[in-house]
Amino acid sequence: MSDFTIKKVCGDNPYRVAVRRIYMQSFPLFERVSLEPFFTCSVNGAEMFVLLRENEAEAFFCTLKRGRFFYLFYIAVDEKKRGRGIGSDVIKAAIEMAAGKVIFLDCEGIYPGCTDRAKRVKRLCFYRKNGFREVGGLHEWRGEKFVTLVHGDAEISEEDIQDFWRVFGKLWDSEDVVGDLDKV
């Protein structure tokens, strides 16, 4: 990761356009929400970071922090740069930033009838390779089933997860799916 620079994206940061582009190419419509809480830095605990090489945005990640928990909300690598270990560099950077907190995330679930099964298996294998393990069962968000993963041997209970989302979930609960680049 030594050849990367990590910068916080907040306010009128020049990397907002690149982050939006990577976001739109990386996430299906049903998973998209407004990035404004991250861009405006208006929500305590919500942050966005971009990974740069030679001032070019190659990836970004969003985090939500509360108490002893550090949630990886979005992780995305520019589609032209995938397969080069950048995603693992993102995970390493996030772990370093978490500084001992319980790191967790959600990943699309694998179940009978799910779409894009091969991509889901690949994503889950990526997270496992980077030290994450599944906790609990599948849960639903916006009509899709997800599984929660926690990093290392850290523990997180279903109650901890529900409490975390009681705080942050209201940011997007009433929001429609975001498909327009201008609203992202």
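Cut-off values and rules
Residues numbered from 1 in each chain as written. Predicted model: local features only at pLDDT ≥ 70, side-chain atom pairs only at ≥ 80, totals over all residues. Heavy atoms only, no water. Helix = DSSP H or I, 4+ residues; strand = E, 2+ residues; numbered from the N terminus. Disulfide = S-S within 2.5 Å. Buried < 20%, exposed > 50% of the residue type's maximum accessible area, 1.4 Å probe, protein only. Expected span 1.5 Å × (residues − 1). Phe/Tyr/Trp six-rings, centres within 6.5 Å; stacked < 30°, edge-to-face > 60°. Lys NZ or Arg CZ within 6 Å of the ring centre and 35° of its normal. Pairing = 2+ DSSP bridges. Axes fitted to C-alpha atoms, helices over the stretch in contact; angles between N-to-C directions. Contact = heavy atoms within 4.5 Å. Polar contact = N/O pair within 3.5 Å; in protein donor to acceptor, adjacent residues only side chain to side chain.

### Points about unusual backbone geometry
At step 1: Even without being glycine, Glu54 reaches a positive phi, approximately 50°.
At step 2: Summarising the element assignment, Glu54 is placed in the loop between strand S2 (46–53) and strand S3 (56–66).
At step 3: Phi at Asn55 is positive, roughly 65°, even though this residue is not glycine.
At step 4: In this fold, Asn55 is placed in the loop between S2 and S3.

### With respect to the state of the cysteines
At step 1: Per the counting criterion, the structure on display carries zero disulfides.
At step 2: Free cysteine: Cys125, not disulfide-bonded; nearest cysteine sulfur from Cys107 at 9.6 Å.
At step 3: A residue is classified by how much of its surface remains accessible, and Cys125, at 41% relative accessible area, is partly exposed.

### As for helix H3 (residues 86–98)
At step 1: End to end, H3 covers 18 Å across 13 residues, agreeing with the expected 18 Å (1.5 Å per residue, within 8%).
At step 2: Every buried residue belonging to H3 is among Ile86, Gly87, Ser88, Asp89, Val90, Ile91, Ala93, Ala94 and Ala98, and all of these are buried.
At step 3: Positive phi appears at Ala99, one or two residues downstream of H3, with a value of about 45°.

### Quick notes on the packing of aromatic side chains
At step 1: For the structure on display, the rule yields 18 aromatic pairs.
At step 2: Between the aromatic rings of Tyr127 and Phe132, the centroid separation amounts to 5.9 Å while the plane-to-plane angle is 75°, which identifies the pairing as edge-to-face.
At step 3: Taking the relative accessible area as the measure of exposure, Tyr127 reaches 10% and is therefore buried.
At step 4: Connected via pairs of aromatic rings, a cluster forms that spans Tyr23, Phe27, Phe38, Phe60, Phe69, Tyr71, Phe73, Tyr74, Phe104, Phe164, Trp165 and Phe168.
At step 5: If you follow Arg16 out to its NZ or CZ, it ends over the ring of Phe39, 4.2 Å from the centre.
At step 6: It is Lys145 that lies over the ring of Tyr111; its NZ or CZ is 4.8 Å from the centre.

### Considering the sheet that holds S3
At step 1: Reading across from one edge, S1-S2-S3-S4-S5-S7-S6 is the order of the seven strands in this open sheet, with mixed pairing throughout. Edge positions in the sheet fall to strand S1 (5–8) and strand S6 (132–141), since each has one partner strand and no second. Each strand of the sheet is rotated relative to its neighbour by a mean of 30°, with strand direction disregarded.
At step 2: Where S2 lies against S3, eight bridges are found, and the strand directions are antiparallel. Of the residues in S3, the one forming a bridge with Phe49 is Phe61.
At step 3: In the packing of helix H4 (residues 117–129) onto the sheet, contacts are made with strand S4 (69–77), strand S5 (102–108), S6 and strand S7 (144–151), and the angle to S5 comes to roughly 170°.

### Brief notes about the pairing of S2
At step 1: Along S2, seven of the eight residues are buried, which leaves the element largely enclosed by surrounding structure.
At step 2: Here S1 pairs with S2 via four bridges, running antiparallel. In the strand pairing of S2, Lys7 is matched with Val50.

### Examining the side chain of Glu108
At step 1: By the secondary structure assignment, Glu108 is in strand S5.
At step 2: At 3.2 Å, the side chain of Glu108 and the side chain of Arg123 are in polar contact.

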